[in-house]
Amino acid sequence: MLTITVDGIPLHYRDEGHGLPVLLFHAFPLNGDAYEKQLKALSGRYRFIIPDIRGFGRSGLGEGPTEMARIAQDALVLLDALKVDSAVVGGVSMGGYASMALLREDAGRVRGLVLVDTQATADDEAGRARREASAQEALREGPEAVVRALLPKVVAAPDSEVGREVAAMMRTATPAGLAAAQRGMALRPDSKDILARYAGPALVVVGEKDPVTPLEKAKQMADLITRARLEVIPDAAHLPNQEQPEKFNAVLDSFLSGL
């Protein structure tokens, strides 16, 4: 098992494949195994560096909210440890927030940006209140509360095999990790400014049926970036890399092969 220690916290990661380095952050409330179908299909051509964000998977948690800047800083320490000067950086949902935070922390490390079913805007007051309520519910009831609330929104077919896989991954999360991530996402800044300053290249992907961060959110991000490509994945909601892996992998491969 590959781990690095940051501020005394063990952080697990996967480093698989050869070629262009691609750092991918997973969605809330999953872990790095969410990219298994990308690893199997594409690690022959690209080097995937996939951390378990602190508080998820096999990574420790630490103190306080899991802020997006903290996730980005953890990843920069990991890239330093692996002697990777620059990488394509991307993520799904919360992983997209972390990617934009890394772009803000050190744009020179970002060779390309991949934003999947995410958004550039910060939470409004009502959104922050919902996250706090979700954090408290997770602390009281554990991951089952998150499965109940989120699964119907993030997967187009919750009763499918993919839906069951996603639910099982959600159930591995700890109450403290769930709460810390919700509180960290509530604190994230608006990222439209950093995207407007980024010249690209960027790939913006959205599931056709995503009710969480729909097409208009994806278009907003793509319009901000000079060299951005927007792709819509049919028959997918919020997690297209897991729901429609062949379609997603083709889009990702096309983007990466052009860099």
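What you are looking at is a predicted structure, and each value in this text was computed from that prediction instead of being measured.

K.L.:
So what exactly am I meant to see when it comes to the pairing of strand S6 (residues 110–116) here?
P.N.:
The two faces of the sheet receive side chains in turn, since in a regular strand these alternate between them. Across the 7 residues of S6, 6 count as buried, placing the element largely inside the fold. Two elements, strand S5 (residues 87–92) and S6, share 6 bridges in a ladder whose sense is parallel. Among the inter-strand pairings, Ala87 is bridged to a residue of S6, identified as Val110. Handedness of the crossover joining S5 and S6 through helix H3 (residues 94–105) is recorded here as right-handed. Sheet topology note: the S6/strand S7 (residues 202–207) ladder contains 4 bridges and is parallel. Within S7, the position partnered with Leu115 by the bridge is Val204.

K.L.:
Help me understand the nonpolar core, please; the structure alone is not making it clear to me.
P.N.:
Side chains that are nonpolar tend, in soluble globular proteins, to be buried together. Counting 49 residues, the largest nonpolar core has Leu23, Phe25, Met94, Leu102, Leu113 and Leu195 as the members making the most contacts within it. Those residues within four positions of Leu102 in sequence are excluded, and the remaining contacts are Leu23, Phe25, Ala72, Ala75, Leu76, Val89, Ala107 and Val110. In terms of nonpolar packing, the next biggest core, distinct from the first, is built from 35 residues, Tyr35, Tyr46, Leu151 and Ile233 among them.

K.L.:
Looking at this structure, how should I read a nonpolar patch on the surface?
P.N.:
Together, Leu215, Leu230 and Val232 give the surface a local cluster of nonpolar side chains, amounting to about 200 Å² of exposed area. When you line up the elements, Leu215 lands in helix H9 (residues 215–224).

K.L.:
Sorry, what's going on with the sheet that holds strand S3 (residues 20–25) here?
P.N.:
Within a sheet, neighbouring strands are paired by backbone hydrogen bonds and run either parallel or antiparallel to one another. Spatial ordering of the open sheet is given by S1-S2-S4-S3-S5-S6-S7-S8, a layout of 8 strands whose pairing is mixed. Either end of the sheet is taken by a strand with one partner, and the two such strands are strand S1 (2–6) and strand S8 (228–233). For this sheet, the mean angle separating the axes of adjacent strands, direction not counted, is 20°. The strands touched by H3 within the sheet are S3, S5 and S6, with S5 carrying the most contacts at an inclination of about 145°. Where helix H11 (residues 245–257) meets the sheet, it contacts S3, strand S4 (46–51), S5, S6, S7 and S8, and its direction lies at approximately 165° from that of S8.

K.L.:
What's the story with the pairing of S7 in this structure? I'm lost.
P.N.:
Within S7, 6 of the 6 residues are buried, leaving the element largely enclosed by the surrounding structure. Burial along S7 is two-sided: the residues Ala202, Val204 and Val206 and Leu203, Val205 and Gly207 are all buried. Bridge count for S7 against S8 is 6 bridges, and the pairing is parallel. From the neighbouring strand, Val204 faces S8, where its bridge partner is Leu230. Once you follow S7 into H9 and on to S8, the crossover reads as right-handed.

K.L.:
What is the right way to look at the environment of Arg54 in this model?
P.N.:
Note on placement: Arg54 falls in the loop between S4 and helix H2 (68–81). The exposure class of Arg54 is buried, given its relative accessible area of 7%. Distance from Arg54 to Pro10, taken between C-alpha atoms, is 8.4 Å for residues 44 residues apart in sequence. When near neighbours in sequence (up to four residues on either side) are disregarded, Arg54 contacts Val6, Ile9, Leu11, Ser59, Gly60, Leu61, Gly62, Thr66, Arg70 and Asp74. Side-chain polar atoms of Arg54 contact the side chain of Asp74, separated by 2.8 Å.

K.L.:
What's the story with H11 in this structure? I'm lost.
P.N.:
One full turn of an α-helix is made of 3.6 residues, so residues set three or four places apart face in the same direction. In this model, H11 (13 residues) spans 17 Å end to end at C-alpha, consistent with the 18 Å of a helix rising 1.5 Å per residue. Along H11, the residues classified as buried are Pro245, Phe248, Asn249, Val251, Leu252, Asp253, Phe255 and Leu256.

K.L.:
For this particular structure, what's the right way to read the packing of aromatic side chains?
P.N.:
Geometry of an aromatic ring pair is reported as the spacing of the ring centres plus the angle between the planes. Inspection of every chain in the model, using the stated rule, returns 2 aromatic pairs. Arranged with centres 6.4 Å apart and planes meeting at 80°, the rings of Tyr46 and Phe48 form a pair that is edge-to-face. One exposure class covers both Tyr46 and Phe48, and it is buried. The lysine or arginine in question, Arg188, covers the ring of Tyr97, its NZ or CZ lying 3.9 Å from the ring centre.

Here is what the cut-offs are and how they apply
Residues numbered from 1 in each chain as written. Predicted model: local features only at pLDDT ≥ 70, side-chain atom pairs only at ≥ 80, totals over all residues. Heavy atoms only, no water. Buried < 20%, exposed > 50% of the residue type's maximum accessible area, 1.4 Å probe, protein only. Helix = DSSP H or I, 4+ residues; strand = E, 2+ residues; numbered from the N terminus. Pairing = 2+ DSSP bridges. Right-handed = clockwise from strand over helix to strand, strands pointing away. Core = buried A, V, L, I, M, F, W, Y, C linked by side-chain atoms within 4.5 Å. Contact = heavy atoms within 4.5 Å. Patch = residues over 30% accessible without salt bridge, like charges linked within 9 Å, V, L, I, M, F, W, Y side chains within 5 Å. Areas by Shrake-Rupley, 256 points an atom, 1.4 Å probe, with all protein chains shown as cover. Salt bridge = Lys/Arg side-chain N within 4 Å of Asp/Glu carboxyl O. Axes fitted to C-alpha atoms, helices over the stretch in contact; angles between N-to-C directions. Polar contact = N/O pair within 3.5 Å; in protein donor to acceptor, adjacent residues only side chain to side chain. Expected span 1.5 Å × (residues − 1). Phe/Tyr/Trp six-rings, centres within 6.5 Å; stacked < 30°, edge-to-face > 60°. Lys NZ or Arg CZ within 6 Å of the ring centre and 35° of its normal.

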